[in-house]
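Below, each chain spelled out in residue letters.
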Amino acid sequence: MASIFDILSSFMGKSTVSSPEDEEQEQKRKDTVQAGASVSSVQSAQVSAQEAARKFAKPDVYDRSLLEDPKMMRAAKQSAFQNGNPVDPYTGQELELTMAEARAKYGADYMSHVAQPDHIVPLEERYQQTKNNPWLSNDDIKLSSNRTERLKVVSGRYNNAKRNRSNSDFVSDDQYLAEKKVHLTKDGKSAAIQDEKAARAALQRDDALTSFKNIAETGHKAGIRGAKSAGVTTLT
């Protein structure tokens, strides 16, 4: 099978080697081709590395707007109401789709009943988990973090009190729960902790699979660019 240098040499023309002088000239010609191919490969690799660095760049500080997906969050909330009014899985309170409906039905206690989608694993924590992963883009993290199964529709009171805390940390702080008037059901605490464990495991799998896919795609594109730069046509 012809080497890359034989193929490239063919583009530069062939000569019939019939003397030591011809052999020397032929070797010089091959050395020139090899040097050119090496330079092209290095340049292509540098371009690919620069493109990957831009694609997978993360901000130095947490920016919620880069990871939150309002459209997916609304869809998760709507989905929870497909079979009627759901209840907060941790407080047991019946939920209303809109704030107006919650106010009309529950008055001053409307925040205990208005539905809000909560990221089981907080987005700020997701940023900290993934900011040093060179193979995940902000869009990758946004997609995995806002899937319906990564969100839980809860009461506004629960969601606002939890803020950027993990489920396990939040539901284990009895004093804080009392201050925020968040009353968990008998099984609410264990359910919140279990949901967090499941979400963390799923996100870890998502991150690993997406990173692998991005590594493979980046390598494939770099290989194509390197071959084209060296003057070789590659079938893809």
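Procedures and definitions
- Residues numbered from 1 in each chain as written.
- Predicted model: local features only at pLDDT ≥ 70, side-chain atom pairs only at ≥ 80, totals over all residues.
- Heavy atoms only, no water.
- Buried < 20%, exposed > 50% of the residue type's maximum accessible area, 1.4 Å probe, protein only.
- Helix = DSSP H or I, 4+ residues; strand = E, 2+ residues; numbered from the N terminus.
- Arc of directions from axis to C-beta.
- Pairing = 2+ DSSP bridges.
- Phe/Tyr/Trp six-rings, centres within 6.5 Å; stacked < 30°, edge-to-face > 60°.
- Lys NZ or Arg CZ within 6 Å of the ring centre and 35° of its normal.
- pLDDT = per-residue confidence, 0-100.
- Contact = heavy atoms within 4.5 Å.

## Observations concerning helix α6 (residues 123–130)
Reasoning step 1: Within α6, the full set of buried residues consists of Leu123, Arg126, Tyr127 and Thr130. Down the axis of α6, the sector holding all buried residues measures 105°, keeping them to one side.

## Concerning the pairing of strand β1 (residues 115–119)
Reasoning step 1: Counting buried residues along β1, five of its five residues qualify, which places the element largely inside the surrounding structure.
Reasoning step 2: Neither face of β1 is exposed, since Ala115, Pro117 and His119 on one face and Gln116 and Asp118 on the opposite face are all buried.
Reasoning step 3: Strand direction decides the pairing type here: β1 and strand β2 (residues 151–155), joined by five bridges, are antiparallel. Bridge pairing in β2 places Gln116 opposite Val154.

## Quick look at the packing of aromatic side chains
Reasoning step 1: Summed over the entire model, instances satisfying the criterion amount to five aromatic pairs.
Reasoning step 2: Taken together, a centroid distance of 5.6 Å and an interplanar angle of 65° make the contact between Phe56 and Trp135 edge-to-face. Note that Phe56 is positioned in the loop between α2 (20–55) and α3 (64–67) and Trp135 in the loop between α6 and α7 (138–145), a separation of 79 residues in sequence.
Reasoning step 3: With relative accessibility at 5%, the residue Phe56 sits in the buried group.
Reasoning step 4: Judged by its relative accessible area of 26%, Trp135 falls in the partly exposed class.
Reasoning step 5: Between Phe170 and Tyr176, the aromatic rings sit 6.1 Å apart at their centres with planes inclined by 75°, giving edge-to-face as the arrangement.
Reasoning step 6: Look at Tyr176 and you get buried, because its relative accessible area is 18%.
Reasoning step 7: Between the NZ or CZ atom of Arg103 and the centre of the ring of Tyr110, over which it lies, the distance is 4.0 Å.
Reasoning step 8: Against the face of Tyr176 rests Arg165, its NZ or CZ located 4.7 Å from the ring centre.

## Things to note about the confidence of the model for the chain
Fine structural detail should not be taken from predicted coordinates in areas where pLDDT scores are low.
Reasoning step 1: Residues of the chain with pLDDT of at least 70 account for 76%, and the chain-wide mean is 85.
Reasoning step 2: Here residues 7–17 scores under 50 on pLDDT; set against residues more than four positions off or in separate chains, the count is 20 contacts.
Reasoning step 3: Throughout residues 232–236 the model reports pLDDT below 50, and contacts reaching past four residues in sequence, or to other chains, amount to six contacts.

## Examining the environment of Leu97
Reasoning step 1: Along the polypeptide, Leu97 turns up in the loop between α4 (70–80) and α5 (99–106).
Reasoning step 2: For Leu97, a relative accessible area of 24% puts it in the partly exposed group.
Reasoning step 3: Taking the C-alpha atoms as reference points, Leu97 and Ala115, separated by 18 residues in sequence, lie 5.6 Å from one another.
Reasoning step 4: Those residues in contact with Leu97 that lie beyond four places of it in its chain are Lys77, Gln78 and Phe81.

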